[in-house]
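Observations on the three-dimensional arrangement
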Amino acid sequence: MARGRRAPASPAQAGAPAPGDYPIDTGTATLERDPYSDTGWILKVNGVPSSHVDLADPGRLDFEYMRWIAALVRSRFAPDAYDGGEHDGAARRLRALHLGGGACSLARWVCAAYPDSRQVVVELDGKLAGLVRGWFDLPRAPLLRLRVGEAGAVLASLTSATRELIVRDVFAGDKTPEDLTTEAFTREAARVLCDGGLYVVNCGDGPRLEGARREAATIGAEFAHVAIVADPAMLKGRRYGNMIIAGSNAPIPAGAAMLRELLGGGVPAHHWDDAATRAFAR
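Residues numbered from 1 in each chain as written. Predicted model: local features only at pLDDT ≥ 70, side-chain atom pairs only at ≥ 80, totals over all residues. Heavy atoms only, no water.

**Some remarks on the overall build of the protein**
Counting its secondary structure elements, the protein contains nine helices and 14 strands. For the protein, the C-alpha radius of gyration of 18 Å lies close to 19 Å, the compact-globule estimate for 282 residues. Its C-alpha atoms give the protein principal-axis dimensions of about 55 × 50 × 35 Å. Within the span of the protein, comprising 282 residues, buried residues form 49% of the whole. Contacts in the protein between residues at least 24 apart in sequence constitute 65% of all its contacts with a sequence separation of at least 6. Entry remark: accessible area of the protein is about 12900 Å², with carbon and sulfur atoms responsible for 52%. Positive and negative side-chain charges of the protein, numbering 33 and 34 respectively, have mean locations separated by a distance of 2 Å. (Helix = DSSP H or I, 4+ residues; strand = E, 2+ residues; numbered from the N terminus. Rg over C-alpha atoms; globule rule 2.2 N^0.38 Å. Buried < 20%, exposed > 50% of the residue type's maximum accessible area, 1.4 Å probe, protein only. Contact = heavy atoms within 4.5 Å. Areas by Shrake-Rupley, 256 points an atom, 1.4 Å probe, with all protein chains shown as cover. Lys, Arg positive; Asp, Glu negative; His and termini not counted. Charge placed at Lys NZ, Arg CZ, Asp CG, Glu CD.)

What follows is the structure, given as structure tokens:
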């Protein structure tokens, strides 16, 4: 957790987002207006685009890879079955853990899609977490809690079988820290997930796809079912980009509606099922 004096409150810290550069624990956060939207904002961390937020529409996900994650989540967890009401004699609500916070774009989407969800967002940078909380008027606890800490340490501290969804979206520059891709880390994620829970990682990799193959193999070794979503150029090893890899001990559905949704975005994506993902990992 970050230590040190609290920075003097600026207008942005008081709750009004304003374009500019802001010192954070890990460098500099830059907030820019979305040139195509009066209510949109782009967050960069040390010059690298990190998040997009539409203050008027939490259901809008501007980054393609986040839309792919959302499609997987919605296909696996039907929103009307996770509305906090009574289902088979028990209240069901989606419990999500986000490892890597940024501007909490995906957590805002979950709050909109699953209004009674309970979420924890883990962010390493305490100053960034404070800025984001003020800028984007995030839902308060118990709906959404921001926890400052290192992803691996926080994950290890959590009670077993307490989350339906874990999303790992942690980057140092353009790479995920290696200690968050290991068998031990993946095993911890599986431990924290409840029966049938879904583990989703955002894997950034280059044309050789060596890191993505390792991640797919590691996740496939821990979970009974795996899947991949990415755009065709990425799957063919033609460029650097994002590949979404998911693991679960329950089947990961890919219905016709989800497949149409993946193909309909600004960057059409393909879905690889368990067999294709395991062949890729080999």
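Now that the structure is up, let's keep going.
**Some remarks on the confidence of the model for the protein**
Predicted confidence across the protein gives a mean pLDDT of 91, with 92% of residues reaching 70 or more. Within the model, the stretch residues 1–14 combines pLDDT values under 50 with 16 contacts to residues more than four positions away or in other chains. (pLDDT = per-residue confidence, 0-100.)

**Some remarks on the environment of Ser105**
By secondary structure assignment, the location of Ser105 is in helix H2 (residues 105–113). Judged by relative accessible area, Ser105 falls into the buried class, the value being 4%. Sequence spacing of Ser105 and Cys194 is 89 residues, and the spatial spacing of their C-alpha atoms is 24 Å. Those residues within four positions of Ser105 in sequence are excluded, and the remaining contacts are Ser51, His52, Val53, Leu61 and Met66. Among the polar contacts made by the side chain of Ser105, one reaches the main-chain carbonyl oxygen of His52 at a distance of 2.8 Å. (Polar contact = N/O pair within 3.5 Å; in protein donor to acceptor, adjacent residues only side chain to side chain.)

**Some details on the nonpolar core**
Nonpolar side chains tend to gather and get buried jointly when the protein is soluble and globular. Leu97, Leu99, Ile166, Tyr199, Met243 and Ile245 are the most contacted members of the largest nonpolar core, which totals 33 residues. In this structure Leu97 touches Val120, Val122, Leu155, Leu158, Arg163, Leu165, Ile166 and Val167, once residues within four positions along its chain are discounted. Of all hydrophobic cores here, the second largest spans 31 residues; its members include Phe63, Tyr65, Met66 and Phe77. (Core = buried A, V, L, I, M, F, W, Y, C linked by side-chain atoms within 4.5 Å.)

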